[in-house]
Amino acid sequence: MKNPLDPRHKNREKLVEDLFKIEFHKQRVLPETKIILSHLVLIDKAIEKSAPEFPIAKINRADLAILRLAVYELLIVKKEPPKVIIDEAVELAKEYGGETSPSFINGVLGNIIKV
């Protein structure tokens, strides 16, 4: 399990929470969340391509927030190695998602890096 005091993990938690909450109502969000949202068309297309049997509207909102952050980091930021990003997304899925979330997140992100 990731160190809960790791500042990168804490930042990712805040971003996932913002991306989750914005689905339900407009609110103030972190500047980095705004940047992620500005790339939503590209991010969501990558998710749809990697999980065609799961339309965006049908994906659990917590899983979707985690996927959006991870896809943003994988395809746009490209600062961390893909394995690190995927591992972190799986850890976030364990914290915020349901029972099947970690394997779902791992599978979708695995498909994205194969492309």
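To keep things clear, this report deals only with the structure shown in the data block.

Rules behind the numbers
- Residues numbered from 1 in each chain as written.
- Predicted model: local features only at pLDDT ≥ 70, side-chain atom pairs only at ≥ 80, totals over all residues.
- Heavy atoms only, no water.
- Helix = DSSP H or I, 4+ residues; strand = E, 2+ residues; numbered from the N terminus.
- Rg over C-alpha atoms; globule rule 2.2 N^0.38 Å.
- Buried < 20%, exposed > 50% of the residue type's maximum accessible area, 1.4 Å probe, protein only.
- Core = buried A, V, L, I, M, F, W, Y, C linked by side-chain atoms within 4.5 Å.
- Contact = heavy atoms within 4.5 Å.
- Salt bridge = Lys/Arg side-chain N within 4 Å of Asp/Glu carboxyl O.
- Axes fitted to C-alpha atoms, helices over the stretch in contact; angles between N-to-C directions.
- Parallel < 35°, antiparallel > 145°, perpendicular 65-115°, else oblique.
- Left-handed = near helix turned anticlockwise from the far one by under 90°.

**Things to note about the overall build of the protein chain**
Consideration 1: Looking only at helices and strands, the protein chain features six helices and zero strands.
Consideration 2: Seen in sequence order, the protein chain has helices and strands lined up from the N terminus as α-α-α-α-α-α.
Consideration 3: Relative to the 2.2 N^0.38 estimate, which gives 13 Å for 115 residues, the radius of gyration of the protein chain is 13 Å and therefore close to what a compact globule would have.
Consideration 4: With respect to the principal axes defined by its C-alpha atoms, the protein chain has extents near 30 × 30 × 30 Å.
Consideration 5: Taking all 115 residues of the protein chain together, 43% fall into the buried category.

**Side note on the nonpolar core**
One broad rule of soluble globular proteins: the nonpolar side chains tend to lie buried together.
Consideration 1: Ranked by internal contacts, the top residues of the largest apolar core, which has 30 residues, are Ile-47 and Leu-109.
Consideration 2: Every element with two or more residues in this core is listed here: helix H1 (7–21), helix H3 (40–50), helix H4 (61–77), helix H5 (82–96) and helix H6 (101–114).
Consideration 3: Sorting elements by how many residues they give to this core places H4 first, with nine residues.
Consideration 4: Setting aside its immediate chain neighbours within four residues, Leu-109 contacts Leu-67, Ala-70, Val-71, Leu-74, Ile-86 and Ala-89.

**Side note on the pattern of salt bridges**
Consideration 1: Counted according to the given criterion, the structure contains eight salt bridges.
Consideration 2: Note that Arg-61 is salt-bridged to Glu-23, the shortest N-O span being 2.7 Å. Of this pair, Arg-61 sits in helix H4 while Glu-23 is found in the loop between H1 and helix H2 (31–38), placing the two residues 38 residues apart along the sequence.
Consideration 3: Put simply, Glu-23, Asp-44, Arg-61 and Arg-68 are held in one network by salt bridges that share partners.

**Looking at the packing of H4 against H6**
Consideration 1: Taken N-terminus to C-terminus, the directions of H4 and H6 make an angle of 30°; their axes are 11 Å apart at the nearest point. Taken together, H4 and H6 sit at an angle that is classed as roughly parallel. Read as a crossing pair, H4 and H6 show a hand that is right-handed. Two secondary-structure elements touch here, H4 through Asp-63, Ile-66, Leu-67, Ala-70, Val-71, Leu-74 and Leu-75 and H6 through Ser-101, Phe-104, Ile-105, Val-108, Leu-109, Ile-112 and Ile-113.

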